Amino acid sequence: MLDWFMGLQPWVQALIAGTFTWFITALGAGLVFFFKDIKKNVLNTMLGFAAGVMVAASFWSLLSPAIEWAEDNGAIPWLVVAIGFLAGGLFLYIADKTIPHMHFGKNHEKEGIHTKLKKNILLVFSITLHNIPEGLAIGVAFGAINRAGGNIVAATVGAIALAIGIGIQNFPEGAAVSIPLTQEKMSRGKAFFYGQLSAIVEPIAAVLGALLVSSMTQVLPYALAFAAGAMIYVVVEELIPEAQQNQSTKGAHYAVFGFMIGFTIMMILDVALG
């Protein structure tokens, strides 16, 4: 099975991996048919878990390989990674201020350009922004397999581990999107539809990332660091603040526990399999 998968073009591998993460998101969104509400402590744990996975993936799956690739090719590792990392954060900042969306939470704060789109659509756009760097990270990881040299099998397994880790955190994220939408007076069917739709950008971004890296080898370390910077931006700007906003005094540590569990699982996947 692995031999068959390794024989595919990088963009096809990225498409399969991105579709997998979208499918897991859809499974999580499907929980809306079984639960009417989601407790704050559970939501905090989900958000913390997603943040932990993304932070761990940013280092072990993206920044560390970027540093190694830059060193092997005679570039200045810290400069290359710093440029890519900051560019990723800047990209998400511009997208955050440009694409109209609305945050979950008590205040429903709107961001981006002015629009007359419905509030429910703006809430989905908020989660869609999260999924862009995740898709890019998957695509860059698979696109880098045949470009960075070294052990092709290990690189492939490492990219698969990244996709599995992102998929794992997408399950609770799908539920964290669809279930709150029912509280906005949306039917369960529509809440599920929009919940899974928020991740449809992942396979698209994955293919674009793989094609970019496959065609432009010199961009590889910058692209890896770029994806990491974008993911960290999402964690610090969106996931952690949302978890803190929703928490109660008694449940103050749920987000922290979720973060540590997510970080540990992703670290184990990447180190053990990659």
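As a starting point, this report considers the structure included with it. (Residues numbered from 1 in each chain as written. Predicted model: local features only at pLDDT ≥ 70, side-chain atom pairs only at ≥ 80, totals over all residues. Heavy atoms only, no water.)

Before going further, it helps to examine helix H3 (residues 40-72). In this model, H3 (33 residues) spans 47 Å end to end at C-alpha, consistent with the 48 Å of a helix rising 1.5 Å per residue. Along H3, the sharpest kink reaches roughly 35 degrees, centred on Ser58. (Helix = DSSP H or I, 4+ residues; strand = E, 2+ residues; numbered from the N terminus. Expected span 1.5 Å × (residues − 1). Bend = angle between axes of the 7 residues up to and from the residue.)

Attention now goes to the side chain of Asn170. If you trace the backbone, Asn170 turns up in helix H6 (residues 152-182). In contact with Asn170, other than residues within four places in its own chain, are Thr21, Ile24, Thr25, Asn131, Glu134 and Glu202. (Contact = heavy atoms within 4.5 Å.)

What follows is about the side chain of Asn131. Assignment of secondary structure puts Asn131 in helix H5 (residues 119-143). Within the structure, the side chain of Asn131 is placed 2.6 Å from the backbone oxygen of Ser198, a separation counted as a polar contact. In this structure, Asn131 is in contact with Asn170, Glu173, Ser198, Ala199, Val201 and Glu202, ignoring residues within four places of it in sequence. (Polar contact = N/O pair within 3.5 Å; in protein donor to acceptor, adjacent residues only side chain to side chain.)

Side chains that are three or four residues apart share a direction in an α-helix, a result of its 3.6 residues per turn. Counted at 1.5 Å a residue, the expected span for helix H8 (residues 201-215) with its 15 residues is 21 Å, and the 21 Å between its end C-alpha atoms agrees. Of the positions making up H8, those classed as buried are Val201, Glu202, Pro203, Ala205, Ala206, Val207, Gly209, Ala210, Val213 and Ser214. (Buried < 20%, exposed > 50% of the residue type's maximum accessible area, 1.4 Å probe, protein only.)

To continue, consider the packing of H3 against H6. For any two helices packed against each other, one specifies the inter-axial angle together with the distance between the axes. Interaxial distance between H3 and H6 falls to 9 Å at its minimum, and their mutual angle equals 160 degrees. In terms of axis orientation, H3 runs roughly antiparallel to H6. Relative to H6, the crossing made by H3 is left-handed. Of the residues in H6, those touching H3 at Leu43, Met46, Phe49, Ala50, Val53, Met54, Ala57 and Ser61 are Leu162, Gly165, Ile166, Ile168, Gln169, Pro172, Glu173, Ala175 and Ala176. Of the residues contributing to the contact of H3 with H6, the split by class is 13 nonpolar, three polar and one charged. (Axes fitted to C-alpha atoms, helices over the stretch in contact; angles between N-to-C directions. Parallel < 35°, antiparallel > 145°, perpendicular 65-115°, else oblique. Left-handed = near helix turned anticlockwise from the far one by under 90°. Nonpolar A, V, L, I, M, F, W, Y, C, P; charged D, E, K, R; others polar.)

On to the nonpolar core, then. Generally speaking, nonpolar side chains in soluble globular proteins are found buried as a group. Leu62, Phe142, Leu162, Leu220 and Leu239 are the most contacted members of the largest nonpolar core, which has 58 residues in total. By residue number, the principal contributor to this core is H3, which donates 14 residues. Discounting residues that sit within four places of it in the chain, Leu162 has contacts with Ala57, Ser61, Ala137, Ile138, Ala141 and Met266. (Core = buried A, V, L, I, M, F, W, Y, C linked by side-chain atoms within 4.5 Å.)

For the rest of this paragraph, the subject is the packing of aromatic side chains. With the rule as written, the count across this model stands at seven aromatic pairs. Where Phe59 meets Trp60, the ring centres are 5.2 Å apart and the plane angle is 85 degrees; that geometry is what we call edge-to-face. Summarising the aromatic geometry, the rings of Trp60 and Phe263 are spaced 5.6 Å apart at their centres and angled 70 degrees between planes, so their arrangement reads as edge-to-face. Of this pair, Trp60 sits in helix H3 while Phe263 sits in helix H10 (residues 254-273), and the two are 203 residues apart along the sequence. On the basis of relative accessible area, Trp60 is assigned to the partly exposed category, the value being 26%. One aromatic cluster is present, built from ring pairs that chain together Phe59, Trp60, Phe259 and Phe263. (Phe/Tyr/Trp six-rings, centres within 6.5 Å; stacked < 30°, edge-to-face > 60°.)

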